[in-house]
Amino acid sequence: MSTMRALAKAQALAAGVAQPVATVRHVHLSARPLVLVPLAMAGEAHAPLAALVGATPGEAKLLIVPQPRNRDQRFRFVAELAEVVLPYLDSFRGVSEAVPVDRGRDVRYRYVDAPQLLVPNPAGVTFLRLLGRSTRFRRPDGDYPVHPSVPLLGQWLTFFAERAEQPGSSALLAMTEAVTLHWATGQSAVEDLHLPALLGWLDPPPGLTGAQAAARAEDPTVCPPAGPATDPDFDNRVLAPAMARYADAGDDAGARATAYAELERVLRDQLAPTWELMWRGVGLLAGLPAGARVAGRWDGDKDAFTGYAEHVDAGGGPQPRRDGAVAAARRLHRLERALTSYAVQRAYDDPLVMAEHRLAGEAFVGEVTLADPRRVDDTGKRPVLRPRIQVVTTEPVAVPVGATLWSPARPTQKAKLVFLTPGDGKTEVVLELSGGMGRGLTAPPGSVPEVGERLCWTTLSDAYLPAGAFPEPDQTPWTHGGPEV
């Protein structure tokens, strides 16, 4: 936990209400997200019990599995879920846009928007990942056939689960993670996984503190768990008898219909409070302005959605059960690069996030007191424009002389730390600038910081990170999938 978040959590506990740890929204929020609240049967290896799904607050569709141990009923549930999810995905495939590539010499096409799935918590993401894994290899023919939409939905759920692992992706979001990215509560990180308790801190009822609202929300009789786990008391006292009555109905159509209606009622009662909280969370996130670099990360989600849609249209097979050695290394490298870039972009977009790096000595803020925008360095083979500025800061500067710095105000411009002069309560820093000023020997107006500007300088760079080089699978040792010797 960072120092800033620890302080915010202490302030939240003292004030009785959650404290902001971000000034902008760092996730994309679709104008029409698909909210999915799942439930799984306790004691069974990923046996879906019910789901409440819909793209607007008023169109919640309840899907249930009366007997989760029954294989046919489970795959019937998946087919019913596919009737909701697949048309939602297809609704984003109508219009494409041209994207320039190769420095404008060519174009490629992608969909102008992409779908977004919202679940209550990280366990909901795991639910979809396991549901995708258990269905994407099923076949509509042969032994134990399933509806053709079942393996297709499994492939798409696996796609969204993999996007959820990508730092900065908003294709599949857990509401608790999205909310805690922007607010700090006075409770532990484990307690923040409980959506009712989390939102109790953000907007406690009149007369209650956040801690009191959270304690009240943890009472399952007041607010059921946000899924996919259920409350054990509910399982024993309500759910098990209702499922037993459905099983005992046998071939009696009337008794079976009555028992089914009872199951629908009790499961809807369990899911409805979380459904309302999900849309309340959407409203809270929508109240924050989007960060400047959120749209660029969403473009990555649109690219991924377009690419996988084309893969499905071409008859491509499902994702493999596990990656090979080289594919796994490439995937890990890609995720590490995305995580580094995401951390830098959040800091560039948000001064509250940058404050954490200032406390860690990775950044400082100062005022420009001197500037020489016409300085030219002629010591090399040809003269180059190298303006220098002096920045005065009252913050500790833990950056060594010779280090390269960047400013979020001019992310394409580098600054080399030339001199460092500590003083009485302040430090004078001389920086030499390069980049972001054209190719001539005269800097365009505004490209060089002017006297009086207050800027942040940091060791964090938002520059492009080149991909690593990996061998082809047939060039790896036989112990890692290569040819045998």
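Cut-offs used in this document
- Residues numbered from 1 in each chain as written.
- Predicted model: local features only at pLDDT ≥ 70, side-chain atom pairs only at ≥ 80, totals over all residues.
- Heavy atoms only, no water.
- Phe/Tyr/Trp six-rings, centres within 6.5 Å; stacked < 30°, edge-to-face > 60°.
- Buried < 20%, exposed > 50% of the residue type's maximum accessible area, 1.4 Å probe, protein only.
- Helix = DSSP H or I, 4+ residues; strand = E, 2+ residues; numbered from the N terminus.
- Lys NZ or Arg CZ within 6 Å of the ring centre and 35° of its normal.
- Core = buried A, V, L, I, M, F, W, Y, C linked by side-chain atoms within 4.5 Å.
- Contact = heavy atoms within 4.5 Å.

Engineer: Residue-level account of the packing of aromatic side chains, with values.
Structural biologist: Within this structure, the stated rule accounts for 10 aromatic pairs. Ring geometry for Tyr88 against Phe92: centres 5.1 Å apart, planes inclined by 75°, an arrangement best described as edge-to-face. For Tyr88, a relative accessible area of 4% puts it in the buried group. Judged by centre distance (5.5 Å) and plane angle (40°), the ring pair of Trp156 and Phe305 falls under tilted. Linking Trp156 in helix α4 (residues 149–164) with Phe305 in helix α10 (residues 294–313), this pair joins segments that are 149 residues apart in sequence. The exposure class assigned to Trp156 is buried, which follows from its relative accessible area of 4%. Looking at Arg321, its charged tip hangs above the ring of Phe137, at a distance of 4.2 Å from the centre. Taking the ring centre of Tyr342 as reference, the NZ or CZ of Arg346 above it sits at 6.0 Å.

Engineer: Which residues make up the nonpolar core, and what values do they have?
Structural biologist: Ranked by internal contacts, the top residues of the largest apolar core, which has 48 residues, are Met175, Leu263 and Leu267. Looking at this core, the elements with two or more residues in it are β2 (34–40), β3 (48–54), β4 (61–64), α5 (175–180), α6 (195–202), α8 (232–249) and α9 (253–286). No other element matches the 11 residues that α9 contributes to this core. With near-sequence residues (within four places) excluded, Leu263 lies in contact with Ile64, Pro66, Leu239, Ala242, Met243 and Tyr246.

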